[in-house]
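Residue-level structural notes
Single-letter residue listing:
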Amino acid sequence: MSEAANIVADPARQENVTRILDCAERLFRHYGYGKTNVADIARELGMSPANIYRFFASKVEIHQAVCGRMLGASYKMAYEIMHLPLSAEERLRRYIHAQYKMTLETMLDEQKVHEMVIVALERDWGVIDKHVNSIHDLFAEVIREGVEAGEFRQQDPETASRCFGAATVILCHPQMVAQCLAKTNRAMPDELIDYAIRALK
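Residues numbered from 1 in each chain as written. Predicted model: local features only at pLDDT ≥ 70, side-chain atom pairs only at ≥ 80, totals over all residues. Heavy atoms only, no water.

1. Structural notes on the overall build of the protein
Assigned secondary structure in the protein consists of ten helices and zero strands. Scanning the protein from its N terminus toward the C terminus, one meets helices and strands in the order α-α-α-α-α-α-α-α-α-α. Classification of the 201 residues of the protein by burial places 41% in the buried group. Carbon together with sulfur atoms contributes 53% to the accessible area of the protein, which is approximately 10800 Å² in total. (Helix = DSSP H or I, 4+ residues; strand = E, 2+ residues; numbered from the N terminus. Buried < 20%, exposed > 50% of the residue type's maximum accessible area, 1.4 Å probe, protein only. Areas by Shrake-Rupley, 256 points an atom, 1.4 Å probe, with all protein chains shown as cover.)

2. Points about the packing of helix H1 (residues 11-31) against helix H2 (residues 38-45)
Geometrically, a packed helix pair is captured by the angle between its two axes and the distance between the axes. For the pair H1 and H2, the least separation of the axes is 10 Å and the interaxial angle reads 115 degrees. Our pair here, H1 against H2, has a crossing hand that is right-handed. Contacts between H1 and H2 involve Arg19, Ile20, Cys23, Ala24, Arg26 and Leu27 on the former and, on the latter, Asp40, Ile41, Glu44 and Leu45. Looking at the contact of H1 with H2 residue by residue, the classes come out as six nonpolar, no polar and four charged. (Axes fitted to C-alpha atoms, helices over the stretch in contact; angles between N-to-C directions. Left-handed = near helix turned anticlockwise from the far one by under 90°. Contact = heavy atoms within 4.5 Å. Nonpolar A, V, L, I, M, F, W, Y, C, P; charged D, E, K, R; others polar.)

3. Focus on the UniProt feature "DNA-binding region" (unreviewed entry) in the protein
The positions UniProt marks with the feature "DNA-binding region" (unreviewed entry) are residues 37-56. In residues 37-56, helix accounts for 60% and strand for 0%; the two terminal C-alpha atoms are 13 Å from one another. (UniProt positions renumbered as here; feature names shortened; annotations may be inferred.)

4. As for the environment of Thr18
Assignment of secondary structure puts Thr18 in helix H1. For Thr18, a relative accessible area of 30% gives the class partly exposed. Along the backbone, Thr18 and Ala65 are 47 residues apart, and their C-alpha atoms lie at a distance of 9.9 Å.

5. Focus: the pattern of salt bridges
In total, this model carries twelve salt bridges according to the counting rule given. Residue Lys76 pairs with Glu80 through a salt bridge whose shortest N-O separation is 2.7 Å. Of the two residues, Lys76 and Glu80 both sit in helix H4 (residues 59-82), four residues apart, roughly one turn of that helix. The class of Glu80 is partly exposed, set by a relative accessible area of 42%. (Salt bridge = Lys/Arg side-chain N within 4 Å of Asp/Glu carboxyl O.)

6. Here we look at the packing of aromatic side chains
Evaluated as defined, the whole model comprises four aromatic pairs. Consider the rings of Phe139 and Phe164, whose centres lie 5.1 Å apart with planes at 85 degrees: the pair is edge-to-face. Here Phe139 is found in helix H7 (residues 126-148), whereas its partner Phe164 is found in helix H8 (residues 157-168), with 25 residues between them in sequence. With respect to class, Phe139 is no different from Phe164; both count as buried. Against the face of Tyr33 rests Lys59, its NZ or CZ located 4.1 Å from the ring centre. (Phe/Tyr/Trp six-rings, centres within 6.5 Å; stacked < 30°, edge-to-face > 60°. Lys NZ or Arg CZ within 6 Å of the ring centre and 35° of its normal.)

7. With respect to the side chain of Lys59
With respect to the helices and strands, the residue Lys59 is situated in helix H4. Among the residues examined, Lys59 registers a relative accessible area of 19% and is labelled buried. Once residues within four sequence positions are removed from consideration, Lys59 is found in contact with Phe28, Tyr33, Gly34, Thr36, Asn37 and Val38.

8. A closer look at the confidence of the model for the protein
Should pLDDT be low for a region, the predicted coordinates there are not to be read in detail. For the protein, mean pLDDT is 86; residues scoring 70 or higher make up 87% of the total. Within the protein, no element has a lower average pLDDT than helix H6 (residues 111-122), which sits at 67, and none a higher one than H8, at 96. When the criterion is pLDDT under 50, residues 1-8 qualifies, and its contacts beyond four places in sequence or with other chains add up to 14 contacts. (pLDDT = per-residue confidence, 0-100.)

9. Quick word on the environment of Ile143
Tracing the backbone through its elements, the reader meets Ile143 in helix H7. Considering only alpha carbons, one finds Ile143 and Phe164, 21 residues apart in sequence, at a separation of 9.7 Å. In contact with Ile143, other than residues within four places in its own chain, are Leu92, Phe152, Pro157, Ala160, Ser161 and Leu200.

Right, dumping it as structure tokens:
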């Protein structure tokens, strides 16, 4: 097992990991995930590949960590929006719009980033399921507050959060967003969000 999971408490080691991930993400974005290897990352950093392997067992593990950081940024955005002093409906609406915009700008506008995300989705990593669960927890919290405030009808917030996520996933999932961009027979973002929110009322 690599040392990556055990270095958080050591600032010097954490700095090295951050440097490695920053470099890896930069190279993945520039050359593409498939065309970048550990030796490329090491050369860019002036390290030996063996030194990289002190922190990460493989390129796949580096990729997982990079994707984890991207998902962390997505969760931070979601958390901040979901805790704004706004109605439950407006918070849900703002989040889906913001996530759709992030997906377009961060994951689809840069083809190399899109490749990196697709590889992660195809490998079905647990970090992605964990992220989805965290977003559903935020949905449930907001829906519960909406029920208590009389905005939404009485319902189980946990079930409603999963259904709301499923109804709007086409605006958040990189592959689905990419496939629907050129289609003219798909619901527009505002139409889909309105439909999902009406289901909560």
